[in-house]
Amino acid sequence: MTILDGKKISNDIKNEIKAEVDKMKANGEKVPHLAAVIVGNDGASLTYVGSKVRACERVGFESTMVRMSNTTSEIELLDKIDELNNNDDIDGFIIQLPLPPQINTQKVLMAVHPDKDVDGFHPTNFGKMALDMSTFIPATPFGILELIDRYGVETQGKHTVVIGRSHIVGRPMSILMGRKGFPGNSTVTLTHSRTKNITQITSQADIIISALGVPKFLKAEMVKDDVVIIDVGITRVADDSEKGYYITGDVDFENVSKKASYITPVPGGVGPMTIAMLLKNTLLAREQHRSNG
């Protein structure tokens, strides 16, 4: 059994990006600039955006955190997005979710210019991804592809089962794993909370990508020997420890790992890859803006 070590691979990617940025600096070129917009004071969101800002510092990017109050109106946020769209100094920006209830999330994500949408959430970028055109792939699916690629996990002709149909992970993964090329060329089954006889489906899978958000949902009896497991779930479960909780994924790691050929740990698997690939998308945005003059 091989651990798909997202912590190690994400560090490798950050070092590669830093080397690119160092070259840009040496040539007197503008370095990539990532902005993050956060509305309100959600603790998890603030922690996540903070880690993105630190990752930018590490690779030599410029970064801007735009803090807006919990009472921000939809119009105020859309005005801020328009300002960022028209700011040539900023190569890409993200809107940290969730947003307060007075704001229509879909309207906000639609307002981000596709050329600066480094989260890959805009319908233009999602459509390009579905058509196998060059575009920004959402950071978590992009990270999963990179892990599969760097560990040389065989995907051609394999049966991939995706658990969960979110627009952020499940649905894009079902498209990407079925595309031509590597990673891809697999036969994909997309399952979700309404799927009947899910064990019958997962027990036939060569590769399982789980993004359900249900702690330890996938048990050893639901998988076959030598299965490849990508666990995207991350949940805090209350316990009697000093912290008061432990973090676990969708997979019963202790037992499933005994049958798997490759498996991602939680934490330390897919999570670190997400920020690394957001940086990669920002670097791609900078290169795109430079070539477009």
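Higher on the page you've got the structure.
Read on for an overview of the structure. All residue numbers refer to positions counted from 1 along the written sequence of the respective chain. Side-chain atom pairs in this predicted model are given and counted only at pLDDT of 80 or more, local residue features only at pLDDT of at least 70, and totals for whole chains, interfaces and linings cover all residues. Based on all heavy atoms of the structure, the side-chain values leave hydrogens and waters out of the count.

## Digging into the overall build of the chain
What counts here: Under the scheme used here, helices are H or I runs from DSSP no shorter than 4 residues and strands are E runs no shorter than 2 residues, and both carry numbers assigned from the N terminus. The globule rule is 2.2 Å times the number of residues to the power 0.38, and the radius of gyration it is compared with is taken over C-alpha atoms. Throughout, exposure labels follow a simple rule: accessible area from a 1.4 Å probe, protein chains only, divided by the maximum for the residue type, with under 20% read as buried, over 50% as exposed, and the rest as partly exposed. Any pair of residues with heavy atoms lying within 4.5 Å of one another is described as a contacting pair. Only the protein chains shown count as cover for residues, and all accessible areas are computed by the Shrake-Rupley method using a 1.4 Å probe. In this tally Asp and Glu are treated as negative and Lys and Arg as positive; neither His nor the chain ends contributes. In this description, the location of a charge corresponds to atom NZ of lysine, CZ of arginine, CG of aspartate or CD of glutamate.
Per the secondary structure count, the chain includes 10 helices and 11 strands. Against the 2.2 N^0.38 benchmark of 19 Å for 293 residues, the chain shows a C-alpha radius of gyration of 19 Å, consistent with a compact globule. Along the three orthogonal principal directions, the C-alpha set of the chain runs to about 55 × 40 × 35 Å. Taking all 293 residues of the chain together, the buried fraction comes to 49%. Intrachain contacts of the chain at a sequence separation of at least 6 include 71% that bridge at least 24 residues. Accessible surface computed for the chain: about 13800 Å², of which carbon and sulfur atoms make up 49%. Between the mean site of the 33 positive side-chain charges and the mean site of the 36 negative ones, the chain shows a separation of 2 Å.

## As for the sheet that holds strand β2 (residues 33-39)
Applicable threshold: A pair of strands counts as paired when DSSP detects no fewer than two bridges linking them. Under this scheme, a helix contributes an axis fitted over its contacting stretch, all axes are lines through C-alpha atoms, and angles between N-to-C directions fall in the 0 to 180 degree range.
Strand order in the open sheet formed by three strands is β3-β2-β4, and the pairing between neighbours is parallel. Each edge of the open sheet is held by one strand with a lone partner, namely β3 (62-68) and β4 (92-95). Pairwise comparison of adjacent strand axes, ignoring direction, gives a mean angle of 15° for this sheet. Each of β2, β3 and β4 is contacted by helix α2 (residues 43-59), which is oriented at about 160° to β3, the strand it contacts most.

## Points about the sheet that holds strand β5 (residues 159-163)
Judged by pairing direction, the sheet is parallel, and its six strands sit side by side in the order β1-β11-β8-β7-β5-β6 without closing on themselves. For this open sheet the edge positions go to β1 (2-3) and β6 (187-191), each flanked by a neighbour on one side alone. Relative to strand β11 (residues 260-263), β1 runs parallel, the two being bridged by two bridges. When the bridges of β11 are listed, T2 appears paired with Y262.

## Things to note about the pairing of β2
For clarity, the threshold we go by: Whether a crossover is right-handed comes down to one check: with the strands pointing away from the viewer, does the path from the first strand over the helix to the second run clockwise; if it does, it is right-handed.
Of all seven residues making up β2, seven are buried, and the element is well covered by its neighbours. Pairing between β2 and β3: seven bridges, direction parallel. Directly across from L34, in β3, lies its bridge partner S63. Crossover β2 to β3 through α2 is right-handed. Pairing of β2 with β4, which is carried by four bridges, proceeds in the parallel orientation. From the neighbouring strand, L34 faces β4, where its bridge partner is G92.

## Considering a nonpolar patch on the surface
The criterion, for reference: Exposure above 30% relative accessible area and no salt bridge define the residues that can form patches, which grow by joining like charges within 9 Å and nonpolar side chains of Val, Leu, Ile, Met, Phe, Trp and Tyr within 5 Å. One side-chain nitrogen of Lys or Arg within 4 Å of one carboxyl oxygen of Asp or Glu is enough to make a salt bridge.
Residues M1, I3 and F253 make up a contiguous nonpolar surface patch of roughly 260 Å² in combined accessible area. With respect to the element layout, F253 can be found in helix α9 (residues 253-256).

## Considerations on the packing of helix α6 (residues 139-150) against helix α10 (residues 270-291)
The following threshold applies: Geometric relationships in this document are graded by angle, where less than 35 degrees denotes roughly parallel, more than 145 denotes roughly antiparallel, 65 to 115 denotes roughly perpendicular, and other angles denote oblique. The classification used treats Ala, Val, Leu, Ile, Met, Phe, Trp, Tyr, Cys and Pro as nonpolar, Asp, Glu, Lys and Arg as charged, and all other residues, Gly among them, as polar.
The geometry of α6 relative to α10 is characterised by a closest axis approach of 7 Å and an angle of 105° between their N-to-C directions. Taken together, the axes of α6 and α10 are roughly perpendicular relative to one another. Contacts between α6 and α10 involve A139, T140, F142, G143, I144, E146 and L147 on the former and, on the latter, V270, M273, T274, M277, L278, K280 and N281. Broken down by class, the residue content of the contact of α6 with α10 amounts to eight nonpolar, four polar and two charged.

## Examining the pairing of β11
Taken together, the three bridges between strand β8 (residues 227-231) and β11 define a ladder with parallel strand orientation. Bridging across to β11, V227 finds its partner in A260.

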